[in-house]
Amino acid sequence: MSTIEVDQFLAHPPAKVWRALTEPELFERWVKMPNDIRPVVGHRFELLTEPVPAANHPGGPVRCEVLVADPEKTLSIRWGPVWTVTWRLEPEGNGTRLFLTHAGFDLDDPGEAMAYKIMGGGWRSGVPRALEQVLDALAV
């Protein structure tokens, strides 16, 4: 199994970053997927995704479940049937070091290999920029 890892500094305090990770309307703004996430272990929710033909993904709801919710420190969710996405927050100066781990890709499966490539690019470029924009617009 393969993993995507991202290390990103955000010039915002952990409390603000936590809000962007756990409030449905804020989360939707930067992941671009309607949802009903709540930071409660065991909470099941759906991410409404667009089709991604290259990854053999038809779009529609992806079932998720909150696995870990340690306020302002760690949020981990099961994303679909096999993936786990974890965000770990560490205070750094006046900001936050955000570590993302998206685990569980089977690179022997062509669809998952393509998803790994597409999602890896997204997690490393467009998604961090979108998260920064949400945080910049958010009052403390």
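Residues numbered from 1 in each chain as written. Predicted model: local features only at pLDDT ≥ 70, side-chain atom pairs only at ≥ 80, totals over all residues. Heavy atoms only, no water.

Asks: Explain the overall build of the protein here, please?
Replies: Check the secondary structure of the protein and you find 4 helices and 6 strands. Mapped in sequence order, the helices and strands of the protein form the string β-α-α-β-β-β-β-β-α-α. The globule rule puts the C-alpha radius of gyration for 140 residues at 14 Å, and the 14 Å found for the protein is close to it. Summarising its shape, the C-alpha atoms of the protein cover approximately 40 × 25 × 25 Å along the three principal directions. For the protein, the residues scored as buried account for 44% of the 140 residues in total. Total accessible area computed for the protein in this model is approximately 7,400 Å², and 55% of it derives from carbon and sulfur atoms. Averaging the locations of the 14 positively and 19 negatively charged side chains of the protein gives two centres separated by 3 Å. (Helix = DSSP H or I, 4+ residues; strand = E, 2+ residues; numbered from the N terminus. Rg over C-alpha atoms; globule rule 2.2 N^0.38 Å. Buried < 20%, exposed > 50% of the residue type's maximum accessible area, 1.4 Å probe, protein only. Areas by Shrake-Rupley, 256 points an atom, 1.4 Å probe, with all protein chains shown as cover. Lys, Arg positive; Asp, Glu negative; His and termini not counted. Charge placed at Lys NZ, Arg CZ, Asp CG, Glu CD.)

Asks: Looking at this structure, how should I read helix H2 (residues 24–31)?
Replies: Along an α-helix, residues three or four positions apart point the same way, because every turn accommodates 3.6 residues. Those residues of H2 that sit buried are Leu 26, Phe 27, Trp 30 and Val 31. In a view along the axis of H2, the buried residues occupy a sector of 115 degrees, so they form one face of it. Elements in contact with the buried residues of H2: helix H1 (14–22), strand E2 (44–49), strand E5 (83–92), helix H3 (110–124) and helix H4 (126–137). With its phi angle positive at about 65 degrees, Lys 32 sits one or two positions after the end of H2. (Arc of directions from axis to C-beta. Contact = heavy atoms within 4.5 Å.)

Asks: Please explain the packing of H3 against H4 as it appears in this structure.
Replies: For any two helices packed against each other, the geometry is given by the interaxial angle and the distance between the axes. Put simply, H3 and H4 touch, their axes get as near as 3 Å, and they point 35 degrees apart. Residues Gly 121, Gly 122, Trp 123 and Arg 124 of H3 touch H4, and the partners they reach there are Gly 126, Val 127 and Pro 128. Here the contact of H3 with H4 is composed, by residue class, of 3 nonpolar, 3 polar and 1 charged. (Axes fitted to C-alpha atoms, helices over the stretch in contact; angles between N-to-C directions. Nonpolar A, V, L, I, M, F, W, Y, C, P; charged D, E, K, R; others polar.)

Asks: Looking at this structure, how should I read the layout of surface pockets?
Replies: It is the rolling of a water-molecule-sized probe over the atoms that shows where space remains empty. Reported here for the largest pocket is a volume of approximately 760 Å³. The wall of the largest pocket is formed by 29 residues, among which Val 52, His 57, Trp 79, Trp 83 and Met 119 lie closest to the centre. Each residue belonging to the lining of the largest pocket can be placed in one class, and the counts come to 18 nonpolar, 7 polar and 4 charged. (1 Å grid on protein atoms, 1.4 Å probe; cavity = no way out; pocket = protein on both sides within 12 Å on 5 of 7 lines; lining within 4 Å. Points joined across faces, edges and corners; volume = space filled by probe spheres on them.)

Asks: Please clarify how the pairing of strand E3 (residues 60–70) should be interpreted in this entry.
Replies: On any regular strand, side chains alternate: one points to one face of the sheet, the next to the other face. Pairing of E2 with E3 involves 6 bridges; the strand directions are antiparallel. Counted as the bridge partner of Arg 44 is Glu 65 from E3. As paired elements, E3 and strand E4 (residues 74–79) share 6 bridges and run antiparallel to each other. Looking at the pairing, Cys 64 lines up with Trp 79 of E4. Between E3 and the antiparallel strand that follows it, E4, lie 3 residues; Glu 72 among them carries a positive phi value of about 65 degrees. (Pairing = 2+ DSSP bridges.)

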